[in-house]
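Examining the three-dimensional arrangement
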Amino acid sequence: MVTEHDGEDAPLTLYLVKRLELVIRSLMDDALRPFGLTTLQYTALTALRHRNRLSSAQLARRSFVRPQTMHTMVLTLEKSGLIQREEDPRNRRVLLAALTERGRAVLDECEPLVRRIEDRLLAGLDDRRRTAFRRDLEDGYGSLADHAHGQRALTNGAGD
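Residues numbered from 1 in each chain as written. Predicted model: local features only at pLDDT ≥ 70, side-chain atom pairs only at ≥ 80, totals over all residues. Heavy atoms only, no water.

Let us now look at helix α3 (residues 56-63). When we look at burial in α3, the residues that qualify are S56, L59, A60 and S63. Down the axis, α3 shows its buried residues gathered within 105° of arc, on one side only. As for α3, its buried residues are in contact with α2 (39-50), β1 (54-55), α4 (67-79) and β3 (91-99). F64 sits one or two residues past α3 and shows a positive phi near 65°. (Buried < 20%, exposed > 50% of the residue type's maximum accessible area, 1.4 Å probe, protein only. Helix = DSSP H or I, 4+ residues; strand = E, 2+ residues; numbered from the N terminus. Arc of directions from axis to C-beta. Contact = heavy atoms within 4.5 Å.)

Before going further, it helps to examine the pattern of salt bridges. Tallying each qualifying case throughout the model produces 12 salt bridges. Here R49 and E111 are joined by a salt bridge, their closest N and O atoms 3.7 Å apart. Taken as a pair, R49 in helix α2 and E111 in helix α5 (residues 101-122) lie far apart in primary sequence, 62 residues in all. Two residues, R92 and E87, come together in a salt bridge whose shortest N-O distance is 3.2 Å. (Salt bridge = Lys/Arg side-chain N within 4 Å of Asp/Glu carboxyl O.)

Attention now goes to the pairing of strand β2 (residues 83-88). Both β2 and β3 contribute to a ladder of six bridges, which runs antiparallel. Within the sheet, the bridge partner assigned to E87 lies in β3 and is L95. From the end of β2 to the start of β3, which pair antiparallel, there are two residues. (Pairing = 2+ DSSP bridges.)

Turning next to the sheet that holds β3. With antiparallel pairing, the three strands of this open sheet are ordered in space as β1-β3-β2. Each edge of the open sheet is held by one strand with a lone partner, namely β1 and β2. Direction of pairing for β1 relative to β3: antiparallel, over a ladder of two bridges. Bridging across to β3, L54 finds its partner in A97. Packing of α2 onto the sheet brings it into contact with β1, β2 and β3, and relative to β3 it is tilted by some 100°. (Axes fitted to C-alpha atoms, helices over the stretch in contact; angles between N-to-C directions.)

Let us look at the nonpolar core. Within the largest apolar cluster, 26 residues are counted, with the highest numbers of intra-cluster contacts made by L37, L45, L59, M70, L77 and I83. Looking at this core, the elements that each hand over two or more residues are α1 (13-32), α2, α3, α4, β3 and α5. Leave out the neighbours within four places in its chain, and L77 touches L37, Q41, A44, L45, L82 and I83. (Core = buried A, V, L, I, M, F, W, Y, C linked by side-chain atoms within 4.5 Å.)

Another point: the packing of α1 against α5. For the pair α1 and α5, interaxial distance at closest approach is 10 Å and the crossing angle is 150°. Judged by the inter-axis angle, α1 sits roughly antiparallel to α5. Once α1 is placed against α5, the crossing between them reads as right-handed. When α1 is examined against α5, the residues L20, I24, L27, M28, A31 and L32 are found in contact with a partner set consisting of C110, L113, V114, I117, R120 and L121. Its residues assigned to classes, the contact of α1 with α5 shows 11 nonpolar, no polar and one charged. (Parallel < 35°, antiparallel > 145°, perpendicular 65-115°, else oblique. Left-handed = near helix turned anticlockwise from the far one by under 90°. Nonpolar A, V, L, I, M, F, W, Y, C, P; charged D, E, K, R; others polar.)

Here the focus is α2. Taking 1.5 Å per residue, 12 residues should reach 16 Å; α2 reaches 17 Å between its end C-alpha atoms and fits that length. Burial of α2 is extensive: nine of the 12 residues sit out of reach of the surface. If you check which residues of α2 are buried, you get T39, Q41, Y42, T43, A44, L45, T46, A47 and L48. (Expected span 1.5 Å × (residues − 1).)

What follows is the structure, encoded as structure tokens:
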């Protein structure tokens, strides 16, 4: 189906994705605020739920933030009692973050609110279109993530 936005005057897909990200972030920040969380903190906590015991650097990569930003966020989450850190037995200079029971409980309380936002996003799509939408987003992310990692390697000298 061709729409008026498919021609030369159509906004870039990147612009549309950014608009979607901004509205999602706004809605999530509003939903998470009563729990004292931001969207970025929630993302970090869910990364720990899926793969417990991560270093700040690993958590930064999985949460889409810079390591310096994650360091500050980890300190805040630790002070809030949502995570705890322990030395990595394989490298005592590295601290590994893990969810606390309180962190798990807060995530459990937040999950229905975040699911409602996702349900609202997908409400107009049938199952086939939902599956295609998710697949297309994953494919787009994969294409750009591979490129971004390659660019960072070159910039950091790892590609030499």
